[in-house]
Amino acid sequence: MATIQPGVPDGPPRGRFTIVYLIHEAFRRDLTRLAAAVRDKDVSTARATQLAGHWDFIKDQLHHHHQVEDDSLWPLVRPKLSGRDEQLAVLELMEAQHRSLEPYTKGVDGGFTSFARLGGQPAGEELARKIEEMQSHLGTHLDDEEQRCFPVIDEALSEEEFDAFGKATAKAVGVRGSARFFPWIFDGAQPVERHAVLTMPPPPVRLLCRFIWEPRYTRRAAALWGA
Ligand SMILES: [Fe+2]
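1. Overview of the packing of helix α4 (residues 102–118) against helix α5 (residues 123–156)
Part 1 of the reasoning: At a minimum axis separation of 9 Å, α4 and α5 run at an interaxial angle of 165 degrees. As far as their axial angle goes, α5 and α4 are roughly antiparallel. Helix-helix and strand crossings are classified by hand; for α4 and α5 the assignment is left-handed. Of α5, the residues touching α4 (which contributes Tyr104, Thr105, Gly107, Val108, Gly111, Phe112, Ser114, Phe115 and Leu118) are Ala123, Gly124, Glu126, Leu127, Lys130, Ile131, Glu133, Met134 and His137.
Part 2 of the reasoning: Per-class residue counts for the contact of α4 with α5 are 9 nonpolar, 6 polar and 3 charged.

2. Points about the environment of Arg210
Part 1 of the reasoning: Mapped onto the secondary structure, Arg210 falls in helix α8 (residues 203–225).
Part 2 of the reasoning: Once the C-alpha coordinates of Arg210 and Glu146 are considered, the two residues, 64 residues apart in sequence, prove to be 28 Å apart.

3. Details of the nonpolar core
Part 1 of the reasoning: Residues Leu34, Val38, Leu127, Ile131 and Ile185 are the most contacted members of the largest nonpolar core, which totals 34 residues.
Part 2 of the reasoning: Contributing elements (two or more residues each) for this core: α1 (18–39), α2 (45–77), α4, α5, α6 (159–186), α7 (191–197) and α8.
Part 3 of the reasoning: Element by element, the count of residues in this core is highest for α1, at 10 residues.
Part 4 of the reasoning: Leaving out residues up to four positions away in the same chain, Val38 has contacts with Val43, Leu51, Phe115, Gly124, Leu127 and Ala128.

4. Notes on the environment of Leu208
Part 1 of the reasoning: Along the chain, Leu208 turns up in helix α8.
Part 2 of the reasoning: A tally of 16 C-beta atoms within 10 Å means that Leu208 is categorised as partly exposed.
Part 3 of the reasoning: A sequence separation of 53 residues divides Leu208 from Glu155, and the C-alpha atoms of the two residues are 34 Å apart.

5. Structural notes on the environment of Asp30
Part 1 of the reasoning: Topologically, Asp30 is positioned in helix α1.
Part 2 of the reasoning: Residue classification places Asp30 among the buried positions, given that 23 C-beta atoms sit within 10 Å.
Part 3 of the reasoning: Measuring from C-alpha to C-alpha, the distance between Asp30 and Ser114 comes to 21 Å, with 84 residues separating the pair along the chain.

6. Details of the packing of α6 against α8
Two quantities define a packed helix pair, namely the angle between the helix axes and the distance between the axes.
Part 1 of the reasoning: Closest axis-to-axis distance for the α6/α8 pair is 9 Å, and the angle between their directions is 65 degrees. Overall, the two elements α6 and α8 adopt an arrangement that is roughly perpendicular. The way α6 lies across α8 gives a crossing that is right-handed. Contact with α6, carried on its side by Val175, Ser178, Ala179, Phe182, Pro183, Trp184 and Phe186, involves Val205, Cys209, Trp213, Glu214 and Tyr217 of α8 and no other residues of that element.
Part 2 of the reasoning: Split by residue class, the contact of α6 with α8 holds 10 nonpolar, 1 polar and 1 charged.

7. A closer look at α4
Part 1 of the reasoning: Over its 17 residues, α4 runs 24 Å from end to end, which matches the ideal 24 Å to within 8%, given 1.5 Å per residue.
Part 2 of the reasoning: Within α4, burial applies to Val108, Gly111, Phe112 and Phe115. Along α4, the residues classed as buried sweep out an arc of 100 degrees about the axis, all on the same side. Along α4, exposed side chains directed more than 90 degrees from the buried face belong to Glu102, Pro103 and Arg117.
Part 3 of the reasoning: Close packing links the buried residues of α4 with α1, α2 and α5.

What counts and what doesn't
- Residues numbered from 1 in each chain as written.
- Predicted model: local features only at pLDDT ≥ 70, side-chain atom pairs only at ≥ 80, totals over all residues.
- Axes fitted to C-alpha atoms, helices over the stretch in contact; angles between N-to-C directions.
- Helix = DSSP H or I, 4+ residues; strand = E, 2+ residues; numbered from the N terminus.
- Parallel < 35°, antiparallel > 145°, perpendicular 65-115°, else oblique.
- Left-handed = near helix turned anticlockwise from the far one by under 90°.
- Contact = placed C-beta atoms within 7 Å.
- Nonpolar A, V, L, I, M, F, W, Y, C, P; charged D, E, K, R; others polar.
- Core = buried A, V, L, I, M, F, W, Y, C linked by C-beta atoms within 7 Å.
- Buried ≥ 20, exposed ≤ 12 C-beta atoms within 10 Å, placed from the backbone.
- Expected span 1.5 Å × (residues − 1).
- Arc of directions from axis to C-beta.

Shown next, in the form of structure tokens:
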């Protein structure tokens with residue numbers, strides 16, 4: 001996560017937080033797509049199952065993203081902030097926001113259950129509203145994290161610490177997880193940001209991503225959202 005530095009020639013403008021911005025943007029993008037898709041008037045049972053499957057993927061990514069922050073990132077940052085109440089309060093806010101998302105996520109789960117059972121409208125419209133509610137709540141958290149928490153992390157962690165955290169996180173995702181994760185966050189990304197993020201994993205991951213994972217993602221995304 002951390003070999004990317006702002007100000008480095010040809011480096012990404014958002015520096016070492018590039019990958020986290022891309023993850024946040026993937027959540028915002030796919031929740032918007034998902035709400036629009038379930039609102040469609042002609043949703044077959046097969047289509048509802050396909051969309052529910054993608055919701056499960058988003059939910060897993062969100063769970064993993066927040067778990068890494070709560071279990072690994074904040075414990076790394078917190079000891080550096082001894083006596084700095086304002087910064088410590090930002091970390092507490094992040095944890096509280098993660099917890100407060102759960103009922104909204106469960107609401108979408110319930111909406112998908114009704115949608116699969118009843119199909120079409122008005123279940124689709126009701127589900128779209130639940131997705132938008134969850135997206136709005138998540139959006140507030142992501143904005144707060146980018147605007148208030150990134151500066152705290154940036155100040156607290158050295159380059160080496162940031163690097164070690166990034167490597168441990170990448171290892172936890174593994175090759176199998178990377179196969180879906182990287183193409184998903186690169187959907188719509190600027191080439192300079194994609195390139196910067198791909199300098200982090202070992203060379204085989206870069207090659208797999210370019211020649212196998214991204215072409216596969218493109219085919220799946222076309223089937224899911226329309227070409
Ligand atoms: Fe977060």
